[in-house]
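Okay, here's what each chain looks like letter by letter:
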Amino acid sequence: MRDKLRKWREDNHRNSEQIVDVAEELINEHASKLGDDIWIIYEQVMIAALDCSRDDLAWTCLQELKKQFPGSQRVKRLGGMRLEALEKYEEAGKQYDSILQEDPTNTAARKRKISILKAQGKNTDAIRELNEYLELFVGDQEAWHELSDLYINEHDYGKAAFCLEELMMTNPHNHLYCEQYAEVKYTQGGLENLELSRKYFAQALKLNNRNMRALFGLYMSASHIAASPKVNAAVKKANVKYAAWAANQINRAYQLAGRGTKENKCSVKAVEEMLESMQITMS
Amino acid sequence: MGEVELSCLAYVKMYLHACLFPRCSVNGLLLSSSPAGGAVCVTDCVPLLHSHLPLAPITQLALTQVDVWCAQTQQRIVGYYQANACVSDCSPTPCALKIADKIAEQCNNAVLLMIDGGKMSPDYRVPPIVMYERKDSRWTLKDKHTIMLRQWEETREIAGQLLDSGDHSLLVDFDSHLDDITRDWTNQKLNAKIAELASPANV
């Protein structure tokens, strides 16, 4: 049980309902056996409880932590998060401001303030604050990713691409960033962006050859380039080849997936037909 | 414009989709197995995405695949639904309008449905949905009286039951399918469960 909680903590899983289920029993029955682990478990459980609107449980955890660590900024931040969960944004903001007065480098408090803006739907403000934050804390991966998500929701694909480029630079082996970057480029459209998107879908596949989004992305970007009237014969030929390869891989993956399960016969058939119909439009 | 009927199956799956991903915006397509002309009967839905809704490639892919599946199963895409992550704002986003426009090109009485997250508490009396129809090239609010949900009480019951029993985790949207292609985005299993609960024997 303890190990499960630790694993979820380390992997940063947001499986709040599960944590709450496990935790109540753990805390009530086995508190004495947990030793010093109990404090970090209280923190983990409290955040999960807030996520599930279990203010009763969150309050209990917060009280225990306050007793043990009076005056702690980390606990103060948790108090702020509880206020956020109750939608008392102004009070929460004041809580974080007081943390920042004592310690202006406290990144957690700054990020919570930005989360408040996001929760209130003030996306442009959140973007502005997050940009300011990143000027000071340029290595914060989580922040770069959050910013790229915010830009995508505002349809500012150029800036989203910039954020993803930062992430790819510092995480060259992460196939998900490559694939997301490719999706943004594809969405931006235009021949140059399509070619870039195809390259990054291919890169994502090199890093993880089971990334279906990247495989489909490669197929679609190559098909669109091949079908474009602006490309010369050589480029067209090359892209037809890439698309055909991707289609092949997709078919194989679906055949493998379809074996033995009646369940997804519909999806398998749909993919087959789709690939066939796209072939026709390409040639 | 005309009447729109929303079936139990379509409503329950949409609702469960929104419940399965409470922290994300989700979207999906509304389907009809009735012939074109007359009232629009939404008989089913396909949940699509729960991440990066505005990005094009996966949306295009999903639209194409659902199109193909519809042709194979004598259904048509008649609308689009979306539930925003931010519960205080259930107005259609630019990407919702864009996709709905595309659907309207093929189906001239297409509907755009927004799920109102703020009204989804367990004791809600009315369906937490807002529907739009296309009038003069713009999406305008539809008159509530032209939207029908037969057997609303039963539908609400079924949705609640599935949520309580945890069966909403059976729902597979297109995003989840791409994470694991052995999972079926046509949701045959869940459809069967819903049909079972909706059958006269259980009511």
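Look up: the structure comes first, before these words.
Residues numbered from 1 in each chain as written. Chains lettered and ligands numbered in written order. Predicted model: local features only at pLDDT ≥ 70, side-chain atom pairs only at ≥ 80, totals over all residues. Heavy atoms only, no water.

## Topic: the packing of helix α4 (residues 55-68) of chain A against helix α5 (residues 73-85) of chain A
Packed helices, taken two at a time, are described by their axes: the angle between them and the distance between them. All names here are of chain A. Put simply, α4 and α5 touch, their axes get as near as 10 Å, and they point 160° apart. Comparing the axis directions of α4 and α5 gives the class roughly antiparallel. Classified by chirality, the crossing of α5 by α4 is left-handed. Residues Asp55, Trp59, Leu62, Leu65 and Lys66 of α4 touch α5, and the partners they reach there are Val75, Leu78, Gly79 and Arg82. For the contact of α4 with α5, the per-class residue count stands at five nonpolar, one polar and three charged. (Axes fitted to C-alpha atoms, helices over the stretch in contact; angles between N-to-C directions. Helix = DSSP H or I, 4+ residues; strand = E, 2+ residues; numbered from the N terminus. Parallel < 35°, antiparallel > 145°, perpendicular 65-115°, else oblique. Left-handed = near helix turned anticlockwise from the far one by under 90°. Contact = heavy atoms within 4.5 Å. Nonpolar A, V, L, I, M, F, W, Y, C, P; charged D, E, K, R; others polar.)

## Structural notes on the sheet that holds strand β5 (residues 76-83) of chain B
Residues and elements named next belong to chain B. Sheet architecture is open: six strands sit in the order β4-β2-β5-β6-β7-β8, paired in mixed fashion. Whereas interior strands pair on both sides, the edge strands pair on one side only; in this sheet they are β4 (44-49) and β8 (138-141). The sheet shows a mean angle of 30° between the axes of neighbouring strands, taken without regard to direction. The pairing of β5 with strand β6 (residues 111-115) spans five bridges and is parallel. Across the sheet, alanine 83 pairs through a bridge with isoleucine 115, a residue of β6. Those strands touched by helix α1 (residues 8-20) are β2 (26-32), β4, β5, β6 and β7 (129-135), and its axis lies near 20° from that of β4. (Pairing = 2+ DSSP bridges.)

## So, the sheet that holds strand β3 (residues 40-42) of chain B
All names here are of chain B. Ordered by their spatial adjacency, three strands build an open sheet running β3-β1-β9, and the pairing between neighbours is parallel. The sheet terminates laterally at β3 and β9 (147-148), the two strands that pair on one side only. Across three bridges, the pairing between strand β1 (residues 4-6) and β3 is parallel. Paired with valine 4 across the strands is valine 40, a residue of β3.

## Description of the side chain of A:Arg213
With respect to the element layout, A:Arg213 can be found in helix α13 (residues 212-227). At a separation of 2.7 Å, a polar atom in the side chain of A:Arg213 contacts the side chain of B:Asp175. A polar side-chain atom of A:Arg213 sits 2.9 Å from a polar atom in the side chain of B:Asp179. Excluding anything up to four places from it in sequence, A:Arg213 contacts A:Glu179, A:Glu183, A:Phe201, B:Ile58, B:Asp175, B:Leu178 and B:Asp179. (Polar contact = N/O pair within 3.5 Å; in protein donor to acceptor, adjacent residues only side chain to side chain.)

## Examining the interface of chain B and chain A
When the parts come together, some accessible area is lost, and that loss is often what is quoted as the size of the interface. Every contact between the two is made by 28 residues of chain B and, on the other side, 33 residues of chain A. When chain B packs against chain A, close to 2,900 Å² is buried across both sides, 62% of that on carbon and sulfur atoms. When the buried area of chain B at its contact with chain A is split by residue, B:Arg23, B:Leu55 and B:Ile181 rank highest and sum to 22% of it. At the boundary of chain B with chain A, the tally comes to three salt bridges. In this structure, B:Arg23 engages A:Asp51 in a salt bridge whose closest nitrogen and oxygen atoms are separated by 3.0 Å. Of all the elements in the fold, those that place two or more residues in the side of chain B that touches chain A are α2 (56-72), α3 (94-106), α5 (174-179) and α6 (188-198) of chain B. When residues of the side of chain B that touches chain A are assigned to their parent elements, the largest contribution, 10 residues, is made by α2(B). (Buried area = accessible area lost by both parts, 1.4 Å probe. Salt bridge = Lys/Arg side-chain N within 4 Å of Asp/Glu carboxyl O.)

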